[in-house]
Amino acid sequence: MDIRVTVWNENRVNEKTRGMYEVYPEGIHGRLREIFEGAGFSVATALLDEPECGLTDATLARTDVLVYWSHLAREEVPDSLAEKIAEAVNRGMGFIPLHSAHMAKPFVRLMGTTCTLSWRESYDRELLWSVCPGHPIAEGIPPVTELLPEEMYGEYFDIPAPEETVFTSWFSGGEVFRSGVCYRRGRGRIFYFQPGHETYPTYYVPEIERILVNAVRWAAPAYREESTRTCRHVEPLVSSREEDGHGRL
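Residue positions are counted from 1 within each chain, in the order its sequence is given. Where totals are concerned, whole chains, interfaces and linings use all residues; where local detail is concerned, this predicted model gives features only for residues with pLDDT of at least 70, and gives and counts side-chain atom pairs only at 80 or more. The basis for every side-chain value is the complete set of heavy atoms in the structure, and neither hydrogens nor water enter the calculation.

Student: Could you clarify how one ought to interpret the sheet that holds strand S4 (residues 94-98) in this entry?
Tutor: Sheets are built from strands that pair by backbone hydrogen bonding, the pairs being arranged parallel or antiparallel. Within the open sheet, the nine strands sit side by side as S2-S1-S3-S4-S9-S8-S7-S5-S6. Their pairing is mixed. With partners counted over all chains shown, the strands left at the sheet margins are strand S2 (42-47) and strand S6 (144-154), one partner each. Going across the sheet, the axis of each strand differs from the next one's by a mean of 25°, ignoring polarity. In terms of strand pairing, strand S3 (residues 65-69) meets S4 through five bridges, oriented parallel. If you follow Leu 66 over to S4, its bridge partner there is Phe 95. The contact definition used throughout considers only heavy atoms, calling two residues in contact when any of these lie within 4.5 Å. Each axis is a line fitted through C-alpha atoms, and for a helix only the stretch in contact is used; angles between axes span 0 to 180 degrees, taken between their N-to-C directions. For helices the rule is a DSSP run of H or I covering at least 4 residues; for strands it is a run of E covering at least 2, with both sets numbered from the N terminus onward. Contacting S3, S4, strand S8 (176-185) and strand S9 (188-193), helix H4 (residues 79-91) crosses the sheet at an angle of about 120° to S9. Each of strand S1 (4-9), S3, S4, strand S5 (118-130), S6, strand S7 (164-171), S8 and S9 is contacted by helix H6 (residues 206-219), which is oriented at about 165° to S9, the strand it contacts most. When DSSP finds two or more bridges between two strands, those strands count as paired.

Written out as structure tokens, the structure reads:
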């Protein structure tokens, strides 16, 4: 199966995040593209400052899995685009929001909660525990992966109860976090994954690369509806009355 991936990145920089391009010279979207092309996927990138934020109707229609990284400019994404992304997920498109995309408009819409959490940008050590080793996203991943450094994300994470929690993290400040969680919305599959602070080299860690590739394969749709679903009026498949000669059932 040829999986078509679109990597979306807001690609915005301020003084605090300028070091991102020292770590990822081609941008985070460029690094993610390398990972997914290396896995044999068909990959396109889309950026916030492109027309229609890079996610036109045609782009969403040909995307099997949307990988989404955002942070500084999440409020600049139009509500109408967030709704289109959510609808595409309901029709079958896979959706993988990464790191600070926990509060991206499409993810918040799909969760129906605030998706807020605790955080600390510091030189933390993270232990990423595989707590569902039989899950396809955890295939080939060791019981624990050390990330140093990584930004701390901690509970309480205001999300609905995950359908599957694949990874849980512990941080050197003592915090814990549900760092890899799965949902299904309509026909679409969603995997939120926490690691990936923009100025840390997280996306060069082999285990993280494999998790991302596994997640794309898991989220890719087996079937995708082409139009918005509506309630259908249907005729009965069988007669609702089998008369006994006296007009009774």
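Student: So what exactly am I meant to see when it comes to the pattern of salt bridges here?
Tutor: Two side chains bearing opposite charge may form a pair once their charged atoms approach each other closely. Put simply, a salt bridge is a Lys or Arg side-chain nitrogen that is within 4 Å of an Asp or Glu carboxyl oxygen. Scanning all chains against the criterion turns up 17 salt bridges. Of the charged contacts, one joins Glu 209 and Arg 31 as a salt bridge, the two residues approaching to 2.8 Å between their closest N and O atoms. Within this pair, whereas Glu 209 is found in helix H6, its partner Arg 31 is found in helix H2 (residues 27-38), the two being separated by 178 residues in sequence. The classification of residues rests on relative accessible area computed with a 1.4 Å probe and restricted to protein chains. Under 20% of the type maximum is buried, over 50% is exposed, and intermediate values are partly exposed. On the basis of relative accessibility, which here comes to 23%, the residue Glu 209 falls in the partly exposed class. Linking Lys 105 and Asp 79 is a salt bridge whose minimum nitrogen-to-oxygen distance equals 2.8 Å. With Lys 105 in helix H5 (residues 105-111) and Asp 79 in helix H4, this residue pair connects regions lying 26 residues apart in the sequence. Sharing partners across several salt bridges, the network here consists of Glu 163, Glu 164, Arg 184 and Arg 185.

Student: How should I be thinking about the nonpolar core in this particular structure?
Tutor: As a rule of thumb, nonpolar side chains are buried together in soluble globular proteins. Within the largest apolar cluster, 38 residues are counted, with the highest numbers of intra-cluster contacts made by Leu 32, Phe 36, Val 67, Phe 167, Phe 191 and Tyr 203. Mapped onto this core, the elements with two or more residues apiece are S1, helix H1 (20-23), H2, S3, S4, S7, S9 and H6. When residues in this core are grouped by element, the largest group, eight residues, is from H6. Sequence-distant contacts of Phe 36, that is, excluding residues within four places in its chain, are made with Val 5, Val 7, Phe 41, Val 43, Val 67, Leu 212, Val 213 and Val 216. Grouped together as the second largest cluster of nonpolar side chains are 34 residues, Val 77, Ala 86, Cys 115 and Phe 177 included. To qualify as a nonpolar core, a set must consist of buried Ala, Val, Leu, Ile, Met, Phe, Trp, Tyr and Cys residues joined through side-chain atoms within 4.5 Å.

Student: Mind showing me how you'd approach the packing of H2 against H6 here?
Tutor: Describing two packed helices takes the angle between their axes plus the distance from one axis to the other. In contact at an axis separation of 10 Å, H2 and H6 are set at 70° when each is read in the N-to-C sense. Judged by the inter-axis angle, H2 sits roughly perpendicular to H6. Crossing handedness for the pair H2 and H6: right-handed. Judged by residue contacts, Arg 31, Leu 32, Ile 35 and Phe 36 of H2 engage Glu 209, Leu 212, Val 213 and Val 216 from H6. The nonpolar class holds Ala, Val, Leu, Ile, Met, Phe, Trp, Tyr, Cys and Pro. Asp, Glu, Lys and Arg form the charged class, and all remaining residues, Gly among them, are polar. Of the residues that constitute the contact of H2 with H6, the class distribution is six nonpolar, no polar and two charged. Just so you know how the angles are binned, under 35 degrees is roughly parallel, over 145 roughly antiparallel, 65 to 115 roughly perpendicular, and the rest oblique. It is the rotation of the near helix from the far one that decides the hand of a crossing: anticlockwise by less than a right angle makes it left-handed, clockwise makes it right-handed.

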